[in-house]
Amino acid sequence: MTDRPAKRMRDMFLQGVLEEMNAATDIFFVTADFGSPVLDNIREQHPDRFLNVGIAEQNLINISTGLALEGFRVFAYAIAPFITMRCLEQTRTNLCVLASVKPLSVCLVGVGAGMSYDVSGPTHQALEDISIMRSLPNMAVFSPADAECSHDLAKHVSRRKGASYVRLDGKALPPIYQANERLDWNKGFNVLRKGTSASLVSTGYMTHKAMETADILTKKNKRISVVDVYSLNHLNAVAFADCIKDAGPVITLEEGFTGRGGLDCLIMNAIKGRTITALGLLPEYRFDIGNRDDLLKLHGLDANTIAEKVLQTAVH
Amino acid sequence: MNKSKSVMCGKLTVKARWLWEQTIRLHGRAPETRLASSLSLVEILTALYYNGYVKSKPAELNWEGRDRVIISKGHGAITLYAILADLGYYPMNELERVGQQGSFLGGIPDPIIPGFETVNGSLGHGLGVGCGMACGLRQKDNTSTSVVVIVGDGELHEGANWEAAMFAGHHRLNNVVCIVDFNKKAMLDNTDKIIGLEPLDAKFSAFGWDTFRVDGHNLAALTDCFERVFKYPRKGPVAIIADTIKGRGVPVMESDPLCHVRTLSKKEIAELLGETRD
């Protein structure tokens, strides 16, 4: 891989937001009392466009809506399960419904994708957020795999019209992309490795697991494709189907519930007619204590177990 | 009351009566509209719009200087359909098509209707959205524009209102005016039997709002209150608690705790409007 240091997505994303706020006066940053070191720079440098609504996600969305109606571009920031679920009806009504008739630019930024808040337990883990946010019309859903591309994502969403949800991992992760790599966010996916034995299609942290799995299987003479899917509501399905057509059986990997409208559903619809194997979490709430990789192992989502499952479906 | 004031109130009284009738006619054409909840607002909206307290340019919907009016209790907004037509936001004959295919006037108003700013009727959103608008106006140095949010008392059971109320008080949002149509009834009962709201003005005061309490069917009292609120500088957010009667002017509704969902028959409507053929 690389010897570049692990970084947090939120730091790079917020750095991108800060740069945009430095360059334009029409961007507001609103938080539900959730912070980070880079956020301190935003609130120190732009106190007039920074608002902390307190631990009040419903008001976070409503205040952001009002600012957007007055022509401001808004970033709303909170912990992933709370910004997607505590205030879902505010988001649906005031962002998604309203965006059908009024120009709005609001980006919801949730930190703590999947089980990144490992020891905090089920309240703080976001295992349903992709399914829930994907179900909303007028809502883009972005799920970056590392901090490097998160910087570019901040630039992309700040220029994007409409409502969007960005799910950021809570942990520092090693880089997958080059420093400040620019991705095609409208296409929605990127082929990290090409192979014909099987295709691992993943999002967020699971893209790291997919790469690990591909490394294991390479040693077993398998050629594994790894496709990082980072735009979960606006995937270019034609391009995706084309890139995956000769790449063997498709296995989706997500750190969320399977069979509930998440990545597996997205890919199933994108490559209609092909069978996929969906790996992820069973739809149940558990109180296992341990670090993230301990927890993933309990769900059979460690690289070795994934590799075994891939071998069951892989060709040549 | 001096003479000019009494003439003005006379005109308002005529207008309020016209709006009361229009509201009932709208309900007659589209029985799924909520009549009782709309009738408690007739005098409040009359005093607000026909005294010139709401700055607007119907031909220029996005005029920056317009006051932002949010009717959070969307169910009670059909009176506003008639007002906006009267002010020229759309032709008066649109009122004939309420609830019909192709009309933009539905049971609950949405921003497809010229003059409406937000999605309404999902209760408890308007005050927070209005506070966000108020922050935006402040950031744009637009100090002459008010955000007027009309909420119902039943709606105040939604906690998001109080998140917004705390926010507005803390940030001293003096461009926010919240009018509570305190008609004392929600859907299933009187609000004091569901979850009591009194002392409502003291609740807003405790959250940092300046509060007024007014008879919401007395045009002179409403005008006096609005004059004090809109014509003088405000130090912070203002809440006007308007005591009203749900289903005002319709005896079978006024006396019915379940009047929110009550629909009047064509015969009842004809009798109310004095259009019965004896």
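About the thresholds
Residues numbered from 1 in each chain as written. Chains lettered and ligands numbered in written order. Predicted model: local features only at pLDDT ≥ 70, side-chain atom pairs only at ≥ 80, totals over all residues. Heavy atoms only, no water. Domains from an automatic or database assignment. Contact = heavy atoms within 4.5 Å. Buried area = accessible area lost by both parts, 1.4 Å probe. Salt bridge = Lys/Arg side-chain N within 4 Å of Asp/Glu carboxyl O. Polar contact = N/O pair within 3.5 Å; in protein donor to acceptor, adjacent residues only side chain to side chain. Nonpolar A, V, L, I, M, F, W, Y, C, P; charged D, E, K, R; others polar. Pairing = 2+ DSSP bridges. Helix = DSSP H or I, 4+ residues; strand = E, 2+ residues; numbered from the N terminus. Axes fitted to C-alpha atoms, helices over the stretch in contact; angles between N-to-C directions. Buried < 20%, exposed > 50% of the residue type's maximum accessible area, 1.4 Å probe, protein only.

**Digging into the domain arrangement of chain A**
Residues and elements named next belong to chain A.
Here is step 1: Taken domain by domain, chain A consists of domain 1 (7-173) and domain 2 (189-313).
Here is step 2: Domain 1 and domain 2 are separated by 25 Å when their C-alpha centres are compared.
Here is step 3: Each partner contributes residues to the interface: domain 1 has 28 residues there, and domain 2 has 31 residues.
Here is step 4: Buried surface at the junction of domain 1 and domain 2, both sides included, amounts to about 2300 Å², of which 57% is carbon and sulfur.
Here is step 5: Together, M115, L127 and R134 form the three largest contributors to the area buried by domain 1 at its contact with domain 2, with a combined 29%.
Here is step 6: Linking domain 1 to domain 2 there are 1 salt bridge.
Here is step 7: Counting across the interface, domain 1 meets domain 2 through 15 residue pairs in polar contact (both at pLDDT 80 or more).
Here is step 8: Split into classes, the residues belonging to the side of domain 1 that touches domain 2 amount to 16 nonpolar, 5 polar and 7 charged.

**Re the sheet that holds strand β2 (residues 147-152) of chain B**
Residue and element names in this part refer to chain B.
Here is step 1: On the basis of which strands lie adjacent, the open sheet formed by 5 strands has the order β1-β2-β3-β5-β4 and parallel pairing. Strand pairing shows two members of the sheet lacking a second neighbour, β1 (68-71) and β4 (210-215), which therefore form its edges. Strand-to-strand twist of the sheet, defined as the mean angle between neighbouring strand axes without regard to direction, takes the value 15 degrees.
Here is step 2: Here strand β3 (residues 176-182) pairs with strand β5 (residues 238-243) via 6 bridges, running parallel. Within β5, the residue paired with C178 across the bridge is A239.
Here is step 3: Contacts from helix α9 (residues 219-230) reach β2, β3, β4 and β5, with the element oriented near 165 degrees to β4.

**A look at the pattern of salt bridges**
Between side chains of opposite charge, a pair can form as their charged atoms come close.
Residues and elements named next belong to chain B.
Here is step 1: Overall, the coordinates contain 39 salt bridges over all chains when judged by the stated rule.
Here is step 2: The shortest N-O distance in the salt bridge between E96 and R29 comes to 3.7 Å. One end of the pair, E96, is in the loop between α4 (78-87) and α5 (126-139); the other, R29, is in helix α1 (residues 3-29), and 67 residues separate them in sequence.
Here is step 3: With a closest N to O distance of 2.7 Å, D181 and K73 form a salt bridge. Here D181, found in strand β3, pairs with K73, found in the loop between β1 and α4; they are 108 residues apart in sequence, far enough to count as distant.
Here is step 4: On the accessibility criterion, K73 (5% relative accessible area) is buried.
Here is step 5: Through salt bridges that share partners, K184, E198, D201, R213 and D243 make up one connected network.

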